Structure formats: C-alpha cells, structure tokens
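# Coordinate analysis (summary)
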Amino acid sequence: MVLATNSDSEEHLHSTFASRYVRAVVPRFKMPDNSMPKDAAYQVINDELMLDGNPRLNLASFVTTWMEPECDNLIMDSVNKNYVDMDEYPVTTELQNRCVNMIANLFHAPVGEGEAAIGCGTVGSSEAIMLAGLAFKRKWQQRRRAQGLPTDKPNIVTGANVQVCWEKFARYFEVELKEVKLREDYYVMDPAKAVEMVDENTICVAAILGSTLTGEFEDVKLLNDLLADKNAETGWETPIHVDAASGGFIAPFLYPDLEWDFRLPWVKSINVSGHKYGLVYAGVGWIVWKTKDDLPEDLVFHINYLGADQPTFTLNFSKGSSQIIAQYYQFIRLGFEGYKNIMENCMDNARRLREGIEMTGKFHILSKDIGVPLVAFSLKDSSKHTVFEIAESLRKFGWIVPAYTMPADAQHIAVLRVVIREDFSRGLADRLITHIIQVLKEIEGLPSRIAHIAAAAAVSGDDEVEVKTTKMSLQDITKYWKRLVEHKRNIVC
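Notes on the structure in this doc start here. Remember, predicted model here, so these are calculated numbers, not experimental data. (Residues numbered from 1 in each chain as written. Predicted model: local features only at pLDDT ≥ 70, side-chain atom pairs only at ≥ 80, totals over all residues. Heavy atoms only, no water.)

With that settled, consider the overall build of the protein chain. Helices and strands together make up the secondary structure of the protein chain, namely 14 helices and 13 strands. Within the protein chain, buried positions represent 50% of all 493 residues. Taking as baseline every contact in the protein chain between residues at least 6 positions apart, the subset at least 24 positions apart corresponds to 70%. (Helix = DSSP H or I, 4+ residues; strand = E, 2+ residues; numbered from the N terminus. Buried < 20%, exposed > 50% of the residue type's maximum accessible area, 1.4 Å probe, protein only. Contact = heavy atoms within 4.5 Å.)

Before going further, it helps to spend a moment on the pattern of salt bridges. Following the criterion strictly, the structure yields 19 salt bridges and no others. Across the pair Asp423 and Arg56 runs a salt bridge whose closest N-O atoms are separated by 3.2 Å. Of this pair, Asp423 sits in the loop between β13 (414–419) and α12 (426–444) while Arg56 sits in the loop between α2 (38–49) and α3 (69–77), placing them 367 residues apart in sequence. When salt bridges that share partners are traced, they join Arg56, Arg421 and Asp423 into one network. (Salt bridge = Lys/Arg side-chain N within 4 Å of Asp/Glu carboxyl O.)

Bringing the packing of α3 against helix α10 (residues 322–359) into the picture now. Running from amino to carboxyl end, α3 crosses α10 at an angle of 150°, the nearest separation of the two axes being 8 Å. Relative to α10, the element α3 is oriented roughly antiparallel. Crossing of α3 against α10: the hand is right-handed. Contacts between α3 and α10 involve Glu70, Cys71, Leu74 and Ile75 on the former and, on the latter, Ser322, Ile325, Ala326 and Tyr329. (Axes fitted to C-alpha atoms, helices over the stretch in contact; angles between N-to-C directions. Parallel < 35°, antiparallel > 145°, perpendicular 65-115°, else oblique. Left-handed = near helix turned anticlockwise from the far one by under 90°.)

Of the pockets and cavities examined, the largest pocket occupies roughly 650 Å³. Every residue lining the largest pocket is counted, 27 residues in all, and those nearest its centre are Gly119, Cys120, Val300, Pro311 and Thr312. Put simply, the parts of the chain that give the lining of the largest pocket at least two residues each are α4 (90–106), β1 (118–122) and β9 (310–312). A total of five residues in the lining of the largest pocket trace back to one element, the largest contributor, which is α4. Its residues placed into classes, the lining of the largest pocket shows 14 nonpolar, ten polar and three charged. (1 Å grid on protein atoms, 1.4 Å probe; cavity = no way out; pocket = protein on both sides within 12 Å on 5 of 7 lines; lining within 4 Å. Points joined across faces, edges and corners; volume = space filled by probe spheres on them. Nonpolar A, V, L, I, M, F, W, Y, C, P; charged D, E, K, R; others polar.)

Now for the packing of aromatic side chains. By the definition in use, this model includes eleven aromatic pairs. Measuring from ring centre to ring centre gives 5.5 Å for Phe169 and Phe173, while their planes differ by 40°; the resulting arrangement is tilted. Cluster of aromatic residues (ring-pair linked, three or more members): Phe249, Phe253, Phe331, Phe336 and Tyr339. When the ring centre of Tyr186 is taken as reference, the NZ or CZ atom of Arg183 above it lies at 4.3 Å. Looking at Lys276, its charged tip hangs above the ring of Phe62, at a distance of 5.3 Å from the centre. (Phe/Tyr/Trp six-rings, centres within 6.5 Å; stacked < 30°, edge-to-face > 60°. Lys NZ or Arg CZ within 6 Å of the ring centre and 35° of its normal.)

Here it is as structure tokens:
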C-alpha cells in the first residue's frame, strides 16, 4: 500500500483555508518567488478587500456604484478590448461617436441634422478638462501671435471651489490660476468678480455646473452676459468653459429652460462625467466643443500604424472600451424619459434627507434646492463637538460621509456632505436620518473633545494650534481636529 504524502493530501483536500497560503506573509514590496493556486490568490485578495468600505454606502462619492446586470455583462464581454485599436474595433469607435453626438445634442451644440459633433471620450472629467484647457491655451497663443503680442503669461479664471484637476491643469501646463475667493453663505464663483479678473492674457473663464462643495450651479448666463460686454469693450474674445462634471446629466432633464450650455455665445466647450450622473461605473468622461473651429487642428494627432488613419486627441493612449459601451447602453436603455425619472428620484430623496436633517434643529443647510442632488450641512453650534466627530461616528454604521472645510475665504466653515446617487433609496435616506439623530445623542453625552484638544495643545505647546484662551476658535478647532484624525479632503471627480 502506498501512503499519501503531505503534499498529496494538501492537493486533494482543495481547501484554501487548510493550505499554507493563508498563513504566509502577504507580499507587499517584492514579487513572490513562487506561484500559488488561483483559488488561493483569489481568497487572499478577497479577504483583504472585505476591509474596504461598502461602495453603495460611500456618500462622499458622486461616482456610480450600481448598474443593471445586462450592462455588467456587456462590460465583461468587452473588458479585453483596447479602445485605441479603432481599426480593429470599428463598432466600438462608432458607439463612442454616437455618444458624443447625443451629448452634444443634449447641450444644444449647433450641429446640423446628420452632422457629427466635435468631441471625444476620456477616462474622466480630469482628462477632459486638461484637453479643454490645452485647446483654449493654443487658441489664445495663435490669436496673440497673429497680433504680434507675447504669449508667456497665460492665465485662467475660476472660483476657489473648483475641483483639484483645474489646479493640476494650471501647474502642469504653466498657466496662472486666478481664483475668485468664496465668502460665507456664497460658496460659488461670483460672475462679476470673475469678469473683473479677466485680462488680455486670460485664456478662458471656467464655470462650474454643480459645485463639488454644495452642488450649486454657477450662474453661467450672467457670466456670459458680463463677459460679452467686456469682450465688446476690449476685443479680447475671452471664452467660457463649463465644467459640468456633476451637473451636465442633471440640468437637461430637470431644468431644461436653464441657459448654461452652447445656447450661450461665449460657451465654447463643456465636459461631463459619464461615471457620475451619466450612470456608468468609474472610468469615463466626455468633452464636447461647440464647433470644429474651437478645437485647434494642430492638437489632433493622426496615426496609421494600427491599420488606418486615426485622428486622436487624448492625454493617454491605451484604455478600455467597456465604459464607452456601458455609456451607450445607458443612453439607449433609459432614453430621455429614463434619465429624467432617475434624476427626479434623486432630487426627491435629497429633499427627504434635507427635511430630516433640518428637523433635528442642529444643522444649517448649505446646499440649494436647484443643483446636484446632495445635502451639505454644518453644525449650528460647534463649541463642544465638530462635524468631524459626526463623520467618524457614522462610520460604525457603515456610512462614509465626508467632513471638510470650505476653501478660501470661507475656511472657517466646516461641513458634512451627502451625495444622493441613483441607488440611494428613500429607505436608506430614512435610515441615515435615524443614525444621524442617534450619533447626535451619543456625542452630546460625551465630554467635549474640543476642550480636551485645547488643554492638550496648551500643555504640549503645539504650534499648530494657537490657544489664546481656553475657548478656541472654530478655525483652530477644525485645523487641529483634521490633523489629529489625519483627515484629508478627498473629493472624487
């Protein structure tokens, strides 16, 4: 009789948790020398991923966390297609072009019947904004050179509430960023102040349709009118870009009469995130130009080594096709009616959540009735406890609710923000309200951490907290608390 060896026994047991792999150190810095079975590799990674938050309870993110199973199947069927191989995957390229045409039509681009719109898919609004900014910079340079004027000091005017990708564009492509500061109770760009900052070197003014901080729509119509007057006076021809990352798939369905898009003469390009209220998983954005003249031809590359001449204007090359296919699925599956119904549901659930938060009597609501479906709110009394404590306490229920301070000049305002997505139901809204009330009761019965922080800072001589009295200012409290809990404002684009 042949006795089974340990290795034979382990092979036939087929139990990952009975194998040596679950007691081995997980590789962190160096690729392991030996292979492991596929089921063991899956289990090791899956176990670690259990410690991630639940995406559907991540109320910090605007990014889609649920799609229909049929679309999930399409995504998996096309996950191995490289979008840039246009000659090999011509249908995928056609689907992208159809999406661009539909979005351009939604934004009232002056495109004739059967005429192709000017735009492209990107990996998100960050790439789309980089492309738009490059087009504006090149147009400005061309105009200045034709006039015999210098081109060494380009600038762009935005509000201080812009997403970090605008700061990246300015830094990476050497453009001065001129920010209109915020103020208490006014957390978007003031159009009048923005136009005042425009000069002959301004390549464009960027307006936000759906501020990341409060969801509010900036007044693009007023900006256009004021800028039109200045352009007529100076001859500068300064254009507008609309960053509609969050609001671009909301305004056309809920506020069709709101003029913010290509109906306005000085709006020359618009970006929108397909992976936000376009209802597609993370990894797709869109940029559309009003006319062909608004995209300088010398920024478009033509390649032929994949089998045919292919025009391309992107910052990256290879990328997956799945999200573009998923976007087209959503467009034809939902249609205008479906998107309108979903956005109305989101707004109704946002109103329900807002009402529940207001009923506690503890918060100021900062978000507006018209805008992105979210609720931003601050504590009326932060003398004993802060919004950061509330955000931390909600974690025990599984909720991920961001707490952050406003940009300059409203840094003393600290807020919580809940983003309402398609998969956030009335039931979840009611449950969140219940948990917020429970957290308020719990922290009210606890000693004030602020007093503890003040005392600790005074004893330690912490130079990051200026303690002039035993009662600290809200700005000092917020600064210390954020450092204490290693909290960083991380807003997804």
